Amino acid sequence: SKSYFSTRKGGSQVFGLSKRAITILFGLLALAFALGAILLFTPQAGQQTRGKPVLWVNGKALYELDLLRLQGNDPLYAASPEGLLKTLVDTYFLEQVILTEALKQDAARVRVSSAEVRQEVNRIREQFGLKDKAAYEQFLNQVGYTDAQLRAEVKTQLQIQKRLEQIRSGAKPTEEEVRFYYEVFKENYRTEPRVKARQIVVDDKALAEELAAKAKAGEDFAALARQHSKVGAEQGGALGAGPGEAEPKPVTQVVFPTEVGEAVFALKGPGVVGPIAAGGRYYIVKVEEYLPSTLPAFEEVKDRVAQDAERAKGNGVLEAYLEELRKKAQVRFAEDNPYAYQNPPVAKVNEKEILLSEVLQPVFSNQQTVALVQQGLGELAVQFFLPQTLENLIDRELLVEAARKSGKPFIGSKAEIAEAYLRYETRDVTASEEEARAFYSENPALFTVPASAKVIGVNFKEEAQAKAFRAAALRGGDLEALAKAQEGTVTDYGTVNPNQLPAVLDRLVFKITETFPQGPLGEVSEVIKMEDGSYTVLLISDRKAEELKGFAQVAEEARQGAVNRKRSEKAQALIQALREEAKIENRLAEVLQALTPKTPSQDQPNSQEQPQPEEAPANNP
């Protein structure tokens with residue numbers, strides 16, 4: 001099922017916009033900025049060597065060699081696609097080119113000062129280590145630019161950035177939209193569980209056990225921490241306390257090592273846990289107060305909600321702007337252009353058409369698809385991904401239409417509105433303890449702590465060296481010195497779980513039930529012959545078996561899992577109901593068949609089904 005009910009996280013920034021936001025904005029077409037970035041560092045020739053015009057966008061010619069240079073940066077073309085795949089790749093590629101050119105033209109009237117261009121050029125020079133004049137001139141020569149051409153391209157990029165920010169900045173949500181956004185996404189603002197607690201951290205296991213016994217017997221924990229703790233002794237072990245403070249403040253689970261945090265928060269109330277070994281130290285924690293997760297009132301998080309709502313509304317306005325920009329673009333192709341551009345409708349949802357390019361964008365921008373194409377499996381990727389992607393787009397159109405008919409103030413891109421509508425329609429779903437227990441028993445992997453062990457590998461060229469090291473390791477001593485004596489190479493794998501080590505080592509650590517002989521350095525494995533003919537000895541310590549957490553420990557997680565499952569089931573039922581009421585026409589298989597080049601035996605002259613290349617529909621994408 002779709003991940004409508006998972007927590008959303010932001011991505012990295014591109015020109016001040018998150019990559020996730022750009023993906024949403026350009027979901028219909030392409031990442032114009034991504035293409036613009038390619039343009040920025042693509043060798044550029046003079047007008048006389050640009051070849052013939054291939055197409056015109058709003059009367060502006062785009063030339064053969066310019067497009068070929070762009071192709072050189074496209075991993076899809078690197079696989080030399082043929083047949084149907086070439087038609088689809090050409091269509092996807094040219095849609096990016098068209099939108100980018102239309103965006104450049106629209107942004108051309110935006111004012112960018114020479115100081116802004118100079119600042120960006122200096123940033124580029126610093127990024128590429130081009131501080132001195134000679135290095136900069138060599139760089140310009142390599143990419144085929146003059147300084148003036150580079151500055152002109154930088155100016156264009158800055159104009160695009162400013163134009164998109166102009167569009168976004170005009171999208172201010174109303175008070176009603178902000179409040180409704182909170183109603184839809186209120187779970188995103190739920191606080192994490194926290195504790196007020198003190199801790200004692202020591203290096204000695206025996207001391208840790210002694211201190212834990214004293215703490216559990218009621219001795220003053222703060223005094224014990226001041227006397228013995230290696231961390232926070234001055235604060236009496238008070239977590240969250242600043243310099244000169246001695247009272248604990250609420251902290252989340254992330255402040256503890258994983259094992260310690262799980263034990264602390266499993267208490268769900270006051271108490272003492274430990275000693276627990278983590279990172280070579282021993283932790284004893286006294287929880288003074290447990291603060292469960294809470295859902296803050298709107299007024300408490302109003303500013304955060306307003307920011308999120310503004311971001312969502314900006315996404316929607318930008319998406320609409322780019323769609324309109326592409327729709328209005330006057331596109332004409334040269335009669336002898338080398339591209340097999342085809343962009344017919346592949347589906348109709350009530351009165352809304354979905355074009356082939358809308359399906360290609362999410363498919364070909366997916367790195368998994370790119371990898372399959374590069375492996376020569378492009379046709380398989382098309383057969384696998386295109387139909388499902390189109391079904392998802394049909395669902396999206398139905399949900400957006402339903403959201404608009406609802407009269408509720410949904411905001412965002414189409415994808416965000418579809419998600420918000422499903423969240424809103426399933427907001428009242430709850431789960432009983434019985435359903436939580438059922439979810440727990442049916443999904444043990446979600447609540448299982450995997451097996452783990454600390455592993456060090458020592459590798460040798462000769463078997464005799466490995467055997468000598470093993471014998472010495474069983475007696476004990478300095479690991480580095482023992483390895484060096486036999487010309488061994490030490491690799492500390494740290495704490496690992498199953499399937500994280502090389503296969504032969506993983507099997508020894510996790511698949512074989514018996515342990516190895518114990519020495520002062522830990523368990524010492526037999527000598528293992530590796531695939532490359534070398535020999536390895538493993539030192540294993542801190543083994544922990546796989547453990548299924550008790551239901552009481554994960555009851556809230558199980559309940560939320562049950563709720564999410566029920567919400568997903570209700571969402572799918574709602575989508576199915578919308579489908580049954582709608583008039584849906586899916587022509588993808590027919591279109592792909594028509595676009596597939598026929599063999600001589602299949603060729604039928606004057607076929608009426610073969611789509612004709614688009615050459616000059618002024619406003620038809």
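This section reports on the structure supplied with the text. This is a predicted model, so every value here is computed, not measured. (Residues numbered from 1 in each chain as written. Predicted model: local features only at pLDDT ≥ 70, side-chain atom pairs only at ≥ 80, totals over all residues. Heavy atoms only, no water.)

Some remarks on the packing of helix α16 (residues 378-406) against helix α22 (residues 551-581)
Applicable threshold: Interaxial angles span 0 to 180 degrees and are taken between N-to-C directions of axes, which are lines fitted to C-alpha atoms, for helices over the stretch in contact. Numbering of helices and strands starts at the N terminus; helices are DSSP runs of H or I of at least 4 residues and strands are runs of E of at least 2. Here the angle decides the label: under 35 degrees means roughly parallel, over 145 means roughly antiparallel, 65 to 115 means roughly perpendicular, and every other value means oblique. Here a residue-residue contact requires only that any non-hydrogen atoms of the pair lie within 4.5 Å. Polar here means any residue other than Ala, Val, Leu, Ile, Met, Phe, Trp, Tyr, Cys and Pro, which are nonpolar, and Asp, Glu, Lys and Arg, which are charged; Gly is therefore polar.
Packing of α16 against α22 leaves a shortest axis separation of 10 Å and a crossing angle of 85°. On the basis of their axis angle, the class for α16 and α22 is roughly perpendicular. Contacts between α16 and α22 involve E391, I394, D395, L398, L399 and A402 from the first element and L574, I575, L578 and R579 from the second. Per-class residue counts for the contact of α16 with α22 are 7 nonpolar, no polar and 3 charged.

With respect to the environment of Y63
Following the sequence through the fold, Y63 ends up in strand β4 (residues 60-63). Expressed as a C-alpha distance, the spacing of Y63 and R50, which sit 13 residues apart in the sequence, is 5.8 Å.

Some remarks on the side chain of R125
Quick note on the threshold: Remark: exposure states derive from per-residue accessible area (1.4 Å probe, protein chains only) relative to the maximum for the residue type, with buried under 20%, exposed over 50%, and partly exposed in between. Charge convention: Lys and Arg are scored as positive, Asp and Glu as negative, and His as well as the terminal groups of each chain are ignored. One speaks of a salt bridge when a side-chain nitrogen belonging to Lys or Arg is within 4 Å of a carboxyl oxygen belonging to Asp or Glu.
Looking at where R125 falls in the secondary structure, it is placed in helix α6 (residues 114-127). Although R125 lies buried, it forms no salt bridge, and the closest oppositely charged side chain, D147, sits 6.1 Å away as judged by the N-O distance. Excluding its chain neighbours within four sequence positions, the residues that come into contact with R125 are L130, K131, D132, K133 and Y136.

Observations concerning the sheet that holds strand β19 (residues 584-586)
As a reminder, the rule being used: DSSP bridges decide pairing: two strands pair if at least two such bridges lie between them.
Pairing is antiparallel in the open sheet, where 3 strands are placed in the order β10-β9-β19. Pairing within the sheet leaves two strands with one partner each, and these edge strands are β10 (352-355) and β19. Adjacent strand axes in the sheet meet at a mean angle of 20°, parallel and antiparallel pairs treated alike. Taken together, the 4 bridges between strand β9 (residues 345-349) and β10 define a ladder with antiparallel strand orientation. Across the sheet, P345 pairs through a bridge with L355, a residue of β10. Where α16 meets the sheet, its contacts fall on β9, β10 and β19, and the angle it forms with β9 comes to roughly 30°.

Digging into the sheet that holds strand β5 (residues 194-202)
Strand order in the open sheet formed by 3 strands is β5-β7-β6, and the pairing between neighbours is antiparallel. Looking at the sheet topology across the chains shown, the edges are occupied by β5 and β6 (271-278). Neighbour-to-neighbour, the strand axes of the sheet open up by a mean angle of 25°, direction not taken into account. Bridge count for β6 against strand β7 (residues 281-291) is 6 bridges, and the pairing is antiparallel. Within β7, the residue paired with I276 across the bridge is Y283.

Remarks on the pattern of salt bridges
A pair can form between side chains of opposite charge whenever their charged atoms are brought close. Applying the stated criterion to the full structure yields 47 salt bridges. Here D542 and K454 are joined by a salt bridge, their closest N and O atoms 3.8 Å apart. Here K454 lies in strand β12 (residues 452-460) and D542 lies in strand β17 (residues 535-544), a separation of 88 residues in the sequence. Among the ionic contacts, a cluster of salt bridges with common partners joins E175, R179, E299 and K302.

Quick word on the nonpolar core
Stated precisely, the cut-off is as follows: Buried residues of nine kinds, namely Ala, Val, Leu, Ile, Met, Phe, Trp, Tyr and Cys, make up a nonpolar core once their side-chain atoms join them within 4.5 Å.
L55, L67, L88, I354, F364, L386 and F410 are the most contacted members of the largest nonpolar core, which has 86 residues in total. With 13 residues, the top contributor of residues to this core is helix α5 (residues 83-107). Apart from residues no more than four positions distant in its own chain, F364 is found in contact with L76, L85, L88, V89, Y92, T369 and V370. Listed in part, the 16 residues of the second largest apolar core include V195, V201, V273 and V285.

Observations concerning empty space enclosed by the protein
The test is simple: Buried and open spaces are told apart on a 1 Å grid over the protein atoms alone, a cavity being a set of points where a 1.4 Å probe fits but cannot get out and a pocket being an open set with protein on both sides within 12 Å along at least five of seven lines. Residues with an atom within 4 Å of a point are the lining residues. Grid points are joined across faces, edges and corners, and a volume is the space filled by probe spheres set on the points.
Within the structure shown, the criterion is met by 2 cavities of 30 Å³ or more. Put simply, the largest cavity is a space of about 50 Å³. Around the largest cavity, the lining residues are E177, F180, Y181, V184, F185, P409, F410, I411 and A420. By residue number, the principal contributor to the lining of the largest cavity is helix α9 (residues 175-185), which donates 5 residues. When the residues that make up the lining of the largest cavity are grouped by side-chain class, the tally is 8 nonpolar, no polar and 1 charged.

A look at the packing of α5 against helix α13 (residues 302-328)
Orientation of α5 relative to α13, taken along the N-to-C sense of each, is 100°, at an axis distance of 9 Å. Taken together, the axes of α5 and α13 are roughly perpendicular relative to one another. In contact with E95, I98, L99, A102, L103 and D106 of α5, α13 contributes Y321, L322, L325 and R326. Within the contact of α5 with α13, the residues separate by chemical class into 7 nonpolar, no polar and 3 charged.

A look at the packing of aromatic side chains
Going by this rule: Pairing of aromatic side chains here covers Phe, Tyr and the six-membered ring of Trp, requires ring centres within 6.5 Å, and sorts the geometry by plane angle: under 30 degrees stacked, over 60 edge-to-face, intermediate tilted. Think of it as a cone above the ring: NZ of Lys or CZ of Arg counts as a charge over the ring if it is within 6 Å of the ring centre and within 35 degrees of the ring normal.
For the structure on display, the rule yields 19 aromatic pairs. Between the aromatic rings of F180 and F410, the centroid separation amounts to 4.9 Å while the plane-to-plane angle is 90°, which identifies the pairing as edge-to-face. One end of the pair, F180, is in helix α9; the other, F410, is in the loop between α16 and α17 (414-425), with 230 residues separating them in the sequence. Taking the relative accessible area as the measure of exposure, F410 reaches 13% and is therefore buried. With a centroid separation of 6.2 Å and an interplanar angle of 80°, the aromatic rings of F439 and F447 are classed as edge-to-face. In this structure F439 comes out as buried when scored by relative accessible area, which is 9%. Linked through ring pairs, F180, F410, Y421 and Y424 together constitute an aromatic cluster. Seen from the ring of Y136, R125 lies directly overhead, with NZ or CZ sitting 4.2 Å from the centre. Over the ring of Y424 we find R427; its NZ or CZ atom is 3.8 Å from the centre of that ring.

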